[in-house]
Amino acid sequence: MDVKFNFPFKFDARTVYVRPVEFSDLPEDLRRQLNGDEHIYAIHSENGERLALAKDRDIAFALARTNEFEPVSVH
């Protein structure tokens, strides 16, 4: 999860939102790969579409910046 990710599309807006994801909200196949106590962070577009998942907040911010987005934390 700490590898550069090339988003398959471009946005006019360069802001993305980083927020924690509840373990129970993850897809079943991903939950099987993780312990229930792990924290996962999602990167969302301005319209709420989930673009990527990262194993921690710092990686989520780095991933967004690497792809020339401006990350903002959402609680």
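Refer to the structure presented above.
None of the values given here were measured: they were computed from a predicted structure.

Draft legend 1. Here's a closer look at the overall build of the protein. The number of helices and strands found in the protein is two helices and four strands. Going from the N terminus to the C terminus, the protein shows its helices and strands as β-α-β-β-α-β. Within the protein, the proportion of its 75 residues that are buried is 32%. In the protein, once contacts between residues fewer than 6 apart in sequence are set aside, the share between residues at least 24 apart is 55%.

Draft legend 2. Main features of the sheet that holds strand 3 (residues 50-54). The four strands are arranged 3-2-1-4 in an open sheet whose pairing can be described as mixed. What marks the edges here is a single partner per strand, and that holds for strand 3 and strand 4 (70-73). In this sheet, adjacent strand axes meet at a mean angle of 30° when their direction is disregarded. Here strand 1 (residues 15-21) pairs with strand 2 (residues 40-44) via five bridges, running antiparallel. Across the sheet, residue Tyr17 finds its bridge partner in strand 2, namely His44. With respect to the sheet, helix 2 (residues 57-66) is in contact with strand 1, strand 2, strand 3 and strand 4, its orientation differing from that of strand 4 by roughly 150°.

Draft legend 3. Representation of the packing of aromatic side chains in the model. As enumerated under the stated definition, the model contains zero aromatic pairs in all. Taking NZ or CZ as reference, Arg14 lies 4.1 Å from the ring centre of Phe69, over its face.

Draft legend 4. The nonpolar core, seen in detail. Among the nonpolar cores identified, the biggest contains 13 residues, and Val16, Val18, Ile43 and Ala60 are the most heavily contacted of them. Residue assignment for this core shows that the elements contributing at least two residues are strand 1, strand 2, strand 3 and helix 2. Ranked by the residues each element gives to this core, the list is headed by helix 2, at five residues. Once you skip the residues sitting within four places of it in the chain, Ile43 turns out to touch Val16, Tyr17, Val18, Glu49, Arg50, Leu51, Ala52, Ala60, Leu63 and Ala64. If you look at the next biggest cluster of nonpolar residues, it comprises six residues, including Leu30, Leu34, Ile40 and Ala42.

Draft legend 5. Spotlight on the pairing of strand 2. Most of strand 2 sits out of view: five of its five residues are buried. Side-chain alternation along strand 2 places Ile40, Ala42 and His44 on one buried face and Tyr41 and Ile43 on a second face that is also buried. Two elements, strand 2 and strand 3, share four bridges in a ladder whose sense is antiparallel. The partner of His44 across the bridge, within strand 3, is Arg50. Count of turn residues in the strand 2/strand 3 antiparallel hairpin: five residues, of which Gly48 carries a positive phi of about 95°.

The rules behind these values
- Residues numbered from 1 in each chain as written.
- Predicted model: local features only at pLDDT ≥ 70, side-chain atom pairs only at ≥ 80, totals over all residues.
- Heavy atoms only, no water.
- Helix = DSSP H or I, 4+ residues; strand = E, 2+ residues; numbered from the N terminus.
- Buried < 20%, exposed > 50% of the residue type's maximum accessible area, 1.4 Å probe, protein only.
- Contact = heavy atoms within 4.5 Å.
- Pairing = 2+ DSSP bridges.
- Axes fitted to C-alpha atoms, helices over the stretch in contact; angles between N-to-C directions.
- Phe/Tyr/Trp six-rings, centres within 6.5 Å; stacked < 30°, edge-to-face > 60°.
- Lys NZ or Arg CZ within 6 Å of the ring centre and 35° of its normal.
- Core = buried A, V, L, I, M, F, W, Y, C linked by side-chain atoms within 4.5 Å.

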